[in-house]
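Observations on the model geometry
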Amino acid sequence: MSTTRRLWIALGLLLGATFAVLLWMGREIHRTAPPLPERVVSTSGQVLFTRADLEAGRQVWQSFGGQQLGSIWGHGALVAPDWSADWLHRESVALLDLWARHEHAAMYDDLDETQQAALQARLRKEMRGNTWDASSGTITVSDDRAVAISNVAAHYTSLFSNDPATQALREGYAMRNDTVPDMRHREQLAGFFFWTSWAAAAERPGGDISYTSNWPYEPLVGNAPTAGSFMWTMFSVLFMIAGIGLLAWHYAAWHSKEPHLQPPASDPLAGIKVTPSMRATAKYFWVVLALLLTQILLGAITAHYQVEGQQFYGFDISRIIPYSLTRTWHTQLAVLWIATAWLATGLYIAPAVSGHEPRFQRLGVNLLWVCLLVIVVGAFVGQWFAVMQKMGLANNFWFGHQGWEYVDLGRFWQLFLFVGLLLWLVLVGRALWPALQRRDEMSSIVGLLFLSTVAIALFYGAGLMWGEHTHISMVEYWRWWVVHLWVEGFFEVFAVAVISFLFVKLGLVRGRTATVNVLFATIVFMAGGVLGTFHHLYFAGTTVGVIALGASFSALEVVPLALIGMEAYETWTHGRATPWMARYRWPIMFFLAVSFWNLVGAGLFGFLINTPLALYYMQGLNLTPLHGHTALFGVYGMLGLGLMLFCLRGMKPDAHWNEGWLRGSFWALNIGLSLMALLTLLPLGVLQLSAALEHGYWYARSAEFMGQPIIHLLVWMRVPGDTIFAVGALLFAWFVARLWIAPARAAKAVPATQGA
């Protein structure tokens, strides 16, 4: 049996086993999710909230942006509190003050340590006790706790209105006035926040751990890391070390054993005929640049909200595009422009791989482009109406804002995008078909390219697996199928296959060698990548099994990055293999940047927050976007730009490339991203971590902490990095534009006899 066949079998068995476990754990999450009660009542019989209130409150939360304004169970925006942690602390303080006044005629903070300790012990028993009655569907709270709940609810009904009493707090949270204009909706929203807080403190039946594994850290109620978090953190580090050792052994034993390959005398890609459908992908790249520039602008506005609250240099911008909307569009555009660049690459590469242009392929490419524009414009308009509370709850789920970070599109637009991806699959698949039927050294790479295309199209469908009233724990489960498996998983396999194909076609790598390397890399990545999805779900109302699997397998995601220097060296070697490779210098440079940010953003900053114990304290702090920015743009964004340049080199073979613009763009993008990370996100995240460890998680996200002068200074320190980064994007856009606007021909034109 050949090595290639063995690797294919290993990959198939691996994916079968890991997805079976993933689906089985999804069933367990559904079975053990925190219960949603029919009623929340006091011991005296007062009904505080009904199930209808809690579900309507969640709809309200989703309609104004959901996870794009503050967060729930740690997932969401960084400006404004984590509402579950904020409610938990406010209710605890309200209850302590109530008891202190009754028993000592003083506020809790004015008591001595002995008196405070006695009340804290009482509070822990009250808050951690689980009074859920499955037979009646009722949660019962004491009359004292009912008073505390009422007081906290009054705070939220004021905060989400235009009450002058909470104006300063709204500005600190970057909330627009009248975020929720309807009083009844505000009361229901408060009920939803209460339930998320109740699940964070109430212990599971028969256990001593809350539904969210004691997250957030709240000393007042005894929320602290579990024994499982400590144990699986230790094991995850051991798994990572073992994986790195095995990978290093593989490279030492098998890598680079073949004799050196002499590159061809001229560029093999120069002879590829650019078909009409391949040319039609140019408009996709124009859209990529438009979305990238818009995303950068929205990112600047979103960051500025952290220092002026509702203002943008004195203008009340929150009345037009509130923070939750700018952040929604900023995060969505990141995924959309990167995905568009990769989709266009697939449409361009497929005919180049097979040498076949199917009938009506250009029409299909143009139709898909129109569909993408309609989806972006329609979805964004719907989200504006939703956040501005002009749509109504009845239509919000389908046409407005779903409120789930990265998958905020209304369900109608999600379905439309899914259909668009299926159309993309058909277009790429039928162009690849002749190459799939061939049996040569490229067969496996082409097969993997096609299978990753199938996975990209189908796995977005995971975003359709929840409904408007599906339990939050299950929504989070399926949502991370999209964000982790779709964006970080199968797109990466697709990219590795495309890059390997390009290097083989350029004559720099043997087809068999590339096939073995691609399959092996896919096996290593997916070994940790599939079950590594669980590391996003540690505290989302899931069980200890999720922590065990997530910690163990997500640690393996770091393993391929340990030898990233070798990958970078090989890429650099390919770029210097022969004089004509100078034509591809800048695509190669962007691939080198991918290697660097893979190591730093995905590896170093990713593992920083990856283990259960680390994420317990860091989830939702600025150390999370430190990883997010450097990995999403540094890896996937740079890769998208590099692939775009490869396609443009083939699309415009005679055009003169202004090396100065590309050089300036490349270094500005990388320096700007580095400054953004090192001057703001890293130090701000460290300060928040220190605050969380000392006072509790709620304090690290509070207006009191985030309003300090040092925090505002660190936010302003983003300006140099953001500016340099924006200049890099503008230079890149200008470079691409000049390829069509009055392009200059290369000094040495391609002879007519070498025609396409």
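Residues numbered from 1 in each chain as written. Predicted model: local features only at pLDDT ≥ 70, side-chain atom pairs only at ≥ 80, totals over all residues. Heavy atoms only, no water.

1. Points about the packing of helix 22 (residues 623-651) against helix 27 (residues 718-738)
In the contact formed by helix 22 and helix 27, the axes pass within 12 Å of each other and the chain directions differ by 15 degrees. One finds that helix 22 runs roughly parallel with respect to helix 27. By crossing handedness, the relation of helix 22 to helix 27 is classed as left-handed. The residues of helix 27 that touch helix 22, namely those facing His629, Phe633, Leu641, Met644, Leu645 and Leu648, are Arg718, Phe725, Phe732, Phe735 and Val736. The residue inventory of the contact of helix 22 with helix 27, partitioned by class, reads nine nonpolar, one polar and one charged. (Axes fitted to C-alpha atoms, helices over the stretch in contact; angles between N-to-C directions. Helix = DSSP H or I, 4+ residues; strand = E, 2+ residues; numbered from the N terminus. Parallel < 35°, antiparallel > 145°, perpendicular 65-115°, else oblique. Left-handed = near helix turned anticlockwise from the far one by under 90°. Contact = heavy atoms within 4.5 Å. Nonpolar A, V, L, I, M, F, W, Y, C, P; charged D, E, K, R; others polar.)

2. Examining the sheet that holds strand 2 (residues 47-50)
Strand order in this open sheet of four strands is 2-1-6-5, and the pairing throughout is mixed. The strands lining the two open edges of the sheet, one partner per strand, are strand 2 and strand 5 (132-133). With three bridges connecting them, strand 1 (residues 39-42) and strand 2 associate as antiparallel partners. Its bridge partner lying in strand 2, Val41 is registered against Val47. Sheet contacts for helix 7 (residues 183-201): strand 1, strand 2, strand 5 and strand 6 (138-141); angle to strand 2, the most-contacted strand, approximately 90 degrees. (Pairing = 2+ DSSP bridges.)

3. Thoughts on the environment of Tyr108
Within the secondary structure, Tyr108 is located in the loop between helix 3 (83-104) and helix 4 (113-128). Judged by its relative accessible area of 9%, Tyr108 falls in the buried class. Spatially, the C-alpha atom of Tyr108 lies 8.6 Å from that of Leu119, the residues being 11 residues apart in sequence. Filtering out sequence-adjacent residues up to four positions away, Tyr108 remains in contact with Leu96, Asp97, Ala100, Gln116, Leu119, Gln120 and Leu220. Here Gln120 takes part through its side chain, which lies 2.8 Å from a polar atom of the side chain of Tyr108. (Buried < 20%, exposed > 50% of the residue type's maximum accessible area, 1.4 Å probe, protein only. Polar contact = N/O pair within 3.5 Å; in protein donor to acceptor, adjacent residues only side chain to side chain.)

4. Observations regarding the nonpolar core
Within the largest apolar cluster, 253 residues are counted, with the highest numbers of intra-cluster contacts made by Trp83, Phe160, Phe193, Trp342, Trp486 and Phe534. Sorting elements by how many residues they give to this core places helix 16 (residues 472-505) first, with 24 residues. Each residue touching Phe534, except ones within four places of it in the same chain, is listed here: Leu22, Met25, Ile29, Tyr477, Val546, Leu549 and Gly550. (Core = buried A, V, L, I, M, F, W, Y, C linked by side-chain atoms within 4.5 Å.)

5. Remarks on the packing of aromatic side chains
On inspection of all chains with the given rule, the structure shows 56 aromatic pairs. Residues Trp83 and Tyr156 carry aromatic rings whose centres are separated by 5.9 Å and whose planes lie at 75 degrees to one another, so their mutual orientation is edge-to-face. Note that Trp83 is positioned in helix 3 and Tyr156 in helix 5 (residues 143-159), a separation of 73 residues in sequence. When sorted by exposure, Trp83 lands in the same class as Tyr156, which is buried. Ring geometry for Trp215 versus Phe539: centroids 6.4 Å apart, planes at 20 degrees, classification stacked. (Phe/Tyr/Trp six-rings, centres within 6.5 Å; stacked < 30°, edge-to-face > 60°.)

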